[in-house]
Amino acid sequence: MAGLPQIQSIKTPDKMVVNATRPRRFSRVPLPFLIVIALLVAYGLLICYAAVQNDPDYSFSRQALGVAVGIVFMLGIWHVDYQRFANMSTILLVINVVLILSPHIPGLGTDAGMGAQSWINVGMQIQPGEFAKVTVVLFVASIMAKYHGKLDDPREYCKVLALMLIPFLCIMTQPDLGTGLVYLFISAVGLIMGGARPKYLVITLIAGICAIVAVFIVDEFLKYETSPGVYEYRLLKNYQRNRLLVFLNQGENLSDEGYNLQQAQIAIGSGGLFGKGLFNTSQSALGYLPEAPTDFVFCVLAEGLGFFGALVLLGLYAALILISVRIARSSNDLFGMLIVLCVVGMWLFQILENIGMDCGLMPITGIPLPFVSYGSSFMLVNFMMLGLIASVWHHSVSGGKKGSYANTH
């Protein structure tokens, strides 16, 4: 990326330390990591299978295929040295933009519903914005690793912030606010863990809140009447506004989103301690619970297996995150650490947002639940993220390789 420092490998008198050790292929497999992945994926498939049973619009075999292909991708990425991406900021940004904007190509993009142009048809429908999460993680990590864990120059901070906003601005042309928020959270994790000054982060947060308020205010002036008493907004879609209003006024049934939230809470509450049984649920089986296999799949779990079943899922998530954080802390270079922590941050945000919106604790955004929600593209991307973490473990932790900016964290 023009104007940004380049990651330089640390040299010794004899040779590059970065090449000192080349671990054997898949040597010293991290058994706890693989066990947790296997249990989480199996549990997620079971929940997804129960969720799609009474909905002909979803195919469990497609979900299983996504898992199978995902495993292949994970193993492939596992063996690729993540350091190859260390100085590819410009290329990664271009890939991000191309992926995110590809649904706008005439004849290629398809409507995802509610006016969102998020999918492309290449013999099968895929969501490029999902795959861009992988390149966003690498892009953010590669930028922040160039600053040696210390970004305190205000001009450099503004430059980095502007670059990180590009994927978000591109995804909002679809518009896909949920995926855009994931990009922003990945960027936030990269800035925080990459050493940006806290003062700059606080200013950015305040500016972001002011921007959100400004969008709602300006939209009030730009709205136009489509029929008597019915208004259309220009900056935000009506359903996006309604989701926030429902979150702020949960006692009022302001829209379909209000109904969705009520049904989700009924499903969670009716599950009790041990649930009704995954294949004996009423809310999803009778069609009361909207988008049960995707946005509200946690409700299917809570109704079917109760509090205990939800606790098992949360325990598996906690194990995956703790193991991943341990890999990040053991990494021998800042770039590898940031890759893992950005992935962990993405998962945490998606887990908290999805479960939170089902319980009425967060606004409804349509963000899916990792390894559980239906979607082959989403499942494949999660396996690719696992591959990135495994690559850091394999080429840095396990192999003991000293890469860029070793021992800076």
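Residues numbered from 1 in each chain as written. Predicted model: local features only at pLDDT ≥ 70, side-chain atom pairs only at ≥ 80, totals over all residues. Heavy atoms only, no water.

Regarding the overall build of the protein
The helix and strand inventory of the protein stands at 12 helices and 5 strands. Per-residue burial for the protein yields a buried fraction of 50% across its 409 residues. (Helix = DSSP H or I, 4+ residues; strand = E, 2+ residues; numbered from the N terminus. Buried < 20%, exposed > 50% of the residue type's maximum accessible area, 1.4 Å probe, protein only.)

Some details on a nonpolar patch on the surface
A surface patch of nonpolar side chains, amounting to about 770 Å² of accessible area, comprises Leu 205, Ile 209, Val 213, Ile 217, Val 218, Phe 221, Leu 222 and Leu 235. Examined against the element boundaries, Phe 221 turns out to sit in helix H7 (residues 198-222). (Patch = residues over 30% accessible without salt bridge, like charges linked within 9 Å, V, L, I, M, F, W, Y side chains within 5 Å. Areas by Shrake-Rupley, 256 points an atom, 1.4 Å probe, with all protein chains shown as cover. Salt bridge = Lys/Arg side-chain N within 4 Å of Asp/Glu carboxyl O.)

Quick notes on the side chain of Gln 83
Mapped onto the elements of the fold, Gln 83 is located in the loop between helix H2 (60-79) and helix H3 (89-101). Gln 83 gets classed as buried once you look at its relative accessible area, which sits at 15%. Within polar-contact distance, the side chain of Gln 83 engages the side chain of Asp 333 at 2.8 Å. (Polar contact = N/O pair within 3.5 Å; in protein donor to acceptor, adjacent residues only side chain to side chain.)

So, the packing of aromatic side chains
Under the counting rule described, the total for this entry stands at 9 aromatic pairs. Arranged with centres 5.8 Å apart and planes meeting at 55°, the rings of Trp 347 and Phe 371 form a pair that is tilted. Placement of Trp 347 in helix H11 (residues 334-359) and of Phe 371 in the loop between H11 and helix H12 (376-397) is noted, with a sequence separation of 24 residues between them. Per residue, the accessibility class of Trp 347 equals that of Phe 371, and both read buried. When the ring of Phe 371 is compared with that of Phe 383, the centres are 6.1 Å apart and the planes differ by 85°; the resulting orientation is edge-to-face. Residue Phe 371 is located in the loop between H11 and H12, and its partner Phe 383 is located in helix H12; the two are separated by 12 residues in the primary sequence. (Phe/Tyr/Trp six-rings, centres within 6.5 Å; stacked < 30°, edge-to-face > 60°.)

As for H12
The terminal C-alpha atoms of H12 lie 30 Å apart, and with 22 residues this matches the ideal 32 Å at 1.5 Å per residue to within 8%. Burial analysis of H12 places 21 of its 22 residues in the buried class, the great majority of the element. (Expected span 1.5 Å × (residues − 1).)

As for the sheet that holds strand S1 (residues 109-110)
Whether parallel or antiparallel, the strands of a sheet pair through hydrogen bonds between backbone atoms. The 3 strands lie next to each other as S1-S2-S3, forming an open sheet whose pairing is antiparallel. Looking at which strands have only one partner, the edges of the open sheet turn out to be S1 and strand S3 (125-126). Note: strand S2 (residues 119-121) against S3, 2 bridges, orientation antiparallel. Paired with Ile 120 across the two strands is Ile 126, which belongs to S3. (Pairing = 2+ DSSP bridges.)

Digging into helix H4 (residues 128-145)
Between its first and last C-alpha atoms H4 spans 26 Å; for 18 residues at 1.5 Å apiece the expected length is 26 Å, and the two agree. Of all the bends found along H4, the most pronounced is centred on Val 134 and spans about 30°. In terms of burial, H4 is a largely internal element, 18 of the 18 residues being buried. (Bend = angle between axes of the 7 residues up to and from the residue.)

Describing the packing of H4 against H12
Interaxial distance between H4 and H12 falls to 8 Å at its minimum, and their mutual angle equals 20°. It follows from the interaxial angle that H4 and H12 lie roughly parallel. Along this stretch, H4 crosses H12, giving a crossing that reads as right-handed. Listed contacts from H12 to Glu 130, Phe 131, Lys 133, Val 134, Val 137 and Leu 138 of H4 are Ser 377, Phe 378, Leu 380, Val 381, Met 384, Met 385 and Leu 388. Considering only residue class, the contact of H4 with H12 consists of 10 nonpolar, 1 polar and 2 charged. (Axes fitted to C-alpha atoms, helices over the stretch in contact; angles between N-to-C directions. Parallel < 35°, antiparallel > 145°, perpendicular 65-115°, else oblique. Left-handed = near helix turned anticlockwise from the far one by under 90°. Contact = heavy atoms within 4.5 Å. Nonpolar A, V, L, I, M, F, W, Y, C, P; charged D, E, K, R; others polar.)

Focus on unusual backbone geometry
Geometrically, the link from Gln 174 to Pro 175 is a cis peptide bond, its omega value of -10° lying close to zero. By the element assignment, Pro 175 lies in the loop between helix H5 (154-171) and helix H6 (177-193). At His 148, a residue that is not glycine, the phi angle is positive and equals roughly 60°. By secondary structure assignment, the location of His 148 is in the loop between H4 and H5. Although it is not a glycine, Phe 371 sits at a positive phi angle of roughly 65°.

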